[in-house]
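Analysis of the macromolecular model
Residue strings, one per chain:
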Amino acid sequence: MVNTTPLWEVFIRPRNGLAHKHVGSLHAADEVMALQAARDVYTRRGEGNSVWVVPSAAVTASDPDQAGENFEPTGEKIYRHPTFYEIPEEVGNM
Amino acid sequence: MYSQGLIGADGRTDETPEFLEAFQQRIDAEDKIEPNDAMPEGYRRTLVRQIGQHAHSEIVGMLPEGNWITRAPSLRRKAALLAKVQDEGGHGLYLYSAAETLGVSREQMTEELHSGKAKYSSIFNYPTLSWADIGTIGWLVDGAAIMNQIPLCRCSFGPYARAMIRVCKEESFHQRQGYEIIMTLAQGTDAQKEMAQDSLNRWWWPALMMFGPHDGDSEHSDQSMKWKIKRFTNDELRQKFIDATVPQAEYLGLKIPDPELKWNEEKGGYDHGEIDWNEFWSVVKGNGRMNRDRIKARRAAWDNGAWVREAATAHAEKRRARKMAAE
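Below or above, wherever it landed, is the structure these notes cover. The written sequence of each chain sets the order in which its residues are numbered from 1. The naming scheme follows written order: chains are lettered A onward, ligands numbered 1 onward. Totals for whole chains, interfaces and linings use every residue, but because this is a predicted model, local features are given only for residues with pLDDT of at least 70 and side-chain atom pairs only at 80 or more, for both listing and counting. For side-chain calculations, the full set of non-hydrogen atoms in the structure is used, while hydrogens and water are omitted.

1. Structural notes on the packing of aromatic side chains
Stacked, edge-to-face and tilted labels apply to pairs of Phe, Tyr and Trp rings (six-membered ring for Trp) whose centres lie within 6.5 Å, assigned for plane angles under 30 degrees, over 60, and everything in between, in that order. In this structure the tally under the stated criterion is 15 aromatic pairs over all chains. Ring geometry for Tyr 79 of chain A and Phe 84 of chain A: centres 6.3 Å apart, planes at 75°, overall edge-to-face. Overall, the relative accessible area of 43% leaves Tyr 79 of chain A in the partly exposed class. Burial classes: relative accessible area under 20% of the type maximum marks a residue as buried, over 50% as exposed, and values in between as partly exposed (1.4 Å probe, protein chains only). For Phe 84 of chain A, a relative accessible area of 41% translates into the label partly exposed. Taken together, the ring pairs in this structure connect Phe 19, Phe 23, Tyr 43 and Trp 227 of chain B into an aromatic cluster. Positioned over the ring face of Phe 232 of chain B is Lys 240 of chain B, at 4.5 Å from the centre of the ring. Geometrically, a lysine NZ or arginine CZ counts as sitting over a ring once it is within 6 Å of the ring centre and also within 35 degrees of the ring normal. Note that Arg 309 of chain B overlies the ring of Trp 302 of chain B, its terminal NZ or CZ placed 3.6 Å from the centroid.

2. Re the interface of chain A and chain B
Whether two residues are in contact is decided by their heavy atoms, any of which lying within 4.5 Å being enough. On the chain B side, the residues contacting the 26 residues of chain A number 28 residues. What counts as buried area is the accessible surface, traced by a 1.4 Å probe, that two parts surrender upon association, with contributions from both included. Summing both sides of the interface, chain A and chain B together bury roughly 2,400 Å²; the carbon and sulfur share of this comes to 51%. Counted as salt bridges are all cases of a side-chain nitrogen of Lys or Arg within 4 Å of a carboxyl oxygen of Asp or Glu. Across the contact surface, chain A and chain B share seven salt bridges. Arg 319 of chain B is paired through a salt bridge with Asp 30 of chain A; the nearest N and O atoms lie 3.2 Å apart. Polar contact criterion, stated in full: a pair of N or O atoms within 3.5 Å, where within protein one must be able to donate a hydrogen and the other to accept it, and residues adjacent in sequence count only if both atoms are side-chain atoms. In this structure, the connection of chain A to chain B is made through 10 residue pairs in polar contact (both at pLDDT 80 or more). Segments assigned H or I by DSSP are reported as helices when at least four residues long, segments assigned E as strands when at least two residues long, and all are numbered from the N terminus. Looking at the side of chain A that touches chain B, the elements that each hand over two or more residues are strand E1 (7–13), strand E2 (21–27) and helix H1 (31–42) of chain A. Split by residue class, the side of chain A that touches chain B holds 12 nonpolar, seven polar and seven charged. Residues were grouped as follows: Ala, Val, Leu, Ile, Met, Phe, Trp, Tyr, Cys and Pro as nonpolar; Asp, Glu, Lys and Arg as charged; and all remaining residues, including Gly, as polar.

3. Section: the nonpolar core
What we call a nonpolar core is a set of buried Ala, Val, Leu, Ile, Met, Phe, Trp, Tyr and Cys residues that are connected through their side-chain atoms within 4.5 Å. By size, the foremost hydrophobic cluster in this structure holds 49 residues, and its most contacted members are Trp 131, Trp 139, Trp 204 and Phe 241 of chain B. Elements represented by at least two residues in this core include exactly helix H5 (75–100), helix H7 (131–149), helix H8 (158–186), helix H9 (190–209), helix H11 (234–252) and helix H12 (277–287) of chain B.

4. Thoughts on the side chain of Arg 294 of chain B
All names here are of chain B. Looking at the secondary structure, you find Arg 294 in helix H13 (residues 291–304). We score Asp and Glu as negative and Lys and Arg as positive, and we do not count His or the chain ends. No salt bridge is formed by the buried Arg 294. Its closest oppositely charged neighbour is Asp 293, at 5.6 Å. Non-local contacts of Arg 294, meaning those with residues more than four positions away in its chain, are made with Val 60, Leu 63, Pro 64, Tyr 120, Phe 124, Asn 125, Tyr 126 and Pro 127.

5. Some words on the sheet that holds E2 of chain A
All names here are of chain A. Here the rule is simple: two strands pair whenever DSSP picks up at least two bridges between them. Taken in spatial order, the three strands line up as E2-E1-E3 in an open sheet, and their pairing is antiparallel. Strands with a single pairing partner mark the edges of an open sheet, and in this sheet they are E2 and strand E3 (50–55). For this sheet, the mean angle separating the axes of adjacent strands, direction not counted, is 30°. Relative to E3, E1 runs antiparallel, the two being bridged by six bridges. From the neighbouring strand, Trp 8 faces E3, where its bridge partner is Pro 55. Comment: axis = line fitted to C-alpha atoms, over the contacting stretch for helices; angle = value between 0 and 180 degrees taken between N-to-C directions. Of the strands in this sheet, E1, E2 and E3 touch H1, which is tilted by about 115° from E2.

6. Notes on the side chain of Arg 231 of chain B
All names here are of chain B. As for its position among the elements, Arg 231 is in the loop between helix H10 (221–226) and H11. One polar contact links Arg 231 to Glu 30, side chain to side chain, over a distance of 3.0 Å. Within the local environment of Arg 231, its side chain forms a polar contact with the backbone oxygen of Arg 154, the two atoms lying 2.6 Å apart.

7. Describing the environment of Gly 46 of chain A
Residue and element names in this part refer to chain A. Its place among the elements puts Gly 46 in the loop between H1 and E3. Look at Gly 46 and you get exposed, because its relative accessible area is 69%. In this structure, the C-alpha to C-alpha distance between Gly 46 and Ala 58, residues 12 residues apart in sequence, is 28 Å.

8. Re the packing of helix H3 (residues 41–60) of chain B against helix H6 (residues 106–115) of chain B
Residues and elements named next belong to chain B. Running from N to C, H3 and H6 cross one another at 70°; their axes reach a closest spacing of 11 Å. On the basis of the axis angle, H3 is roughly perpendicular to H6. The interaxial crossing formed by H3 with H6 has right-handed handedness. Here Gly 52, His 56 and Val 60 of H3 come into contact with H6, specifically with Met 109, Thr 110 and Leu 113. Angles below 35 degrees are treated as roughly parallel, those above 145 as roughly antiparallel, those between 65 and 115 as roughly perpendicular, and all remaining angles as oblique. Note on convention: the crossing is left-handed when the near helix lies turned anticlockwise from the far helix by less than a right angle, right-handed when the turn is clockwise.

9. What about helix H2 (residues 17–28) of chain B?
Residue and element names in this part refer to chain B. By this rule, a helix spans an expected 1.5 Å times one less than how many residues it contains. For H2, with 12 residues, the first-to-last C-alpha span of 16 Å sits near the 16 Å given by 1.5 Å per residue. Listing the buried residues of H2 in full gives Phe 19, Phe 23, Gln 24 and Ile 27. All buried residues of H2 fall inside an arc of 130° around its axis, so they share one side. Along H2, exposed side chains directed more than 90 degrees from the buried face belong to Pro 17 and Glu 18. On its buried side, H2 packs onto H3 and H10. A positive backbone phi angle near 65° is found at Glu 30, which sits one or two residues after H2. Note that the arc is computed from the directions linking the helix axis to the C-beta atoms.

What follows is the structure in structure tokens.
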């Protein structure tokens, strides 16, 4: 099939003050059409006021096979959380 | 987010007993499976087939209703029907994207639809003969779809579950606008009421068939339940649908075309007559009234749109070249 169009990832900001969030993907020939299609497909019911489209090929993702070594060590580092430290109640929180 | 890397990948995993056991444990623990995770080939194949069929159903499902857009009886009805058909196109796109994360391309799925290799819901092989059919489709067909789809929001495969959450949010409008159309007809003149009843008579049984064969005859059911792709069996969902829609028909003063339909106090649900499974299989195999028409229309849409896709690609290429030359 000759007409395979590139894939784009779509991000939408629900309203000012919030971050753009990934909502899905779509195919389009270029960024102009990708934006138009994203608006039609992903914002039919007031989902947001701003759209980003990013070529899927431009996303570099971590390898799920390495998820263990990447993300598990943090579970043991409980000293990174405030609750690790015992402070007398009368001192209070900042 | 992941599909491009996966298209054309063979996706094969060494399915040792330990691997399968660990995979099942993840499923049992309600862990979601994401596209790049190792998964049994059967799980991938089942999902590609199911999500593909589901996407095709949304796309083909635009045809019976599109047939009535220009003839909707008021501007309000026309705007709602247009929005509903547009939603269905959107649902097809979310679902194709979800399937693509499993390593199949949109083009491949489209080809399989056009060649008849891939199936879509057999309900769309019935014709929409009157305006009342648009109401009945919203009420019963979208109603049945909601019954099927709500459990899919908890499907073990992440992208499918996420797509279904979006779809379900939108589907409720479809069902309500349909019921409102039928309600208006049922409360109208005798001729309008008759039109509503005639429509219910034609769509009731095909709507029940949407849930698929009886549990004992459903070839993919057991494994899909185990993998939490499905959460309820075909017969369980069909029963829920009947129990929900019979009182809705009574409210309208319409009669469900099943002489054996009876409330069963003991089971707390309705007993119903047997479904004509010969009709079901005949339509699935391509002999419904509209099978050929539907595929013909999809092929024509694809072929007649080829020049648009080619022009868009050529234009994108030209812009890219111009931009590079300017840099």
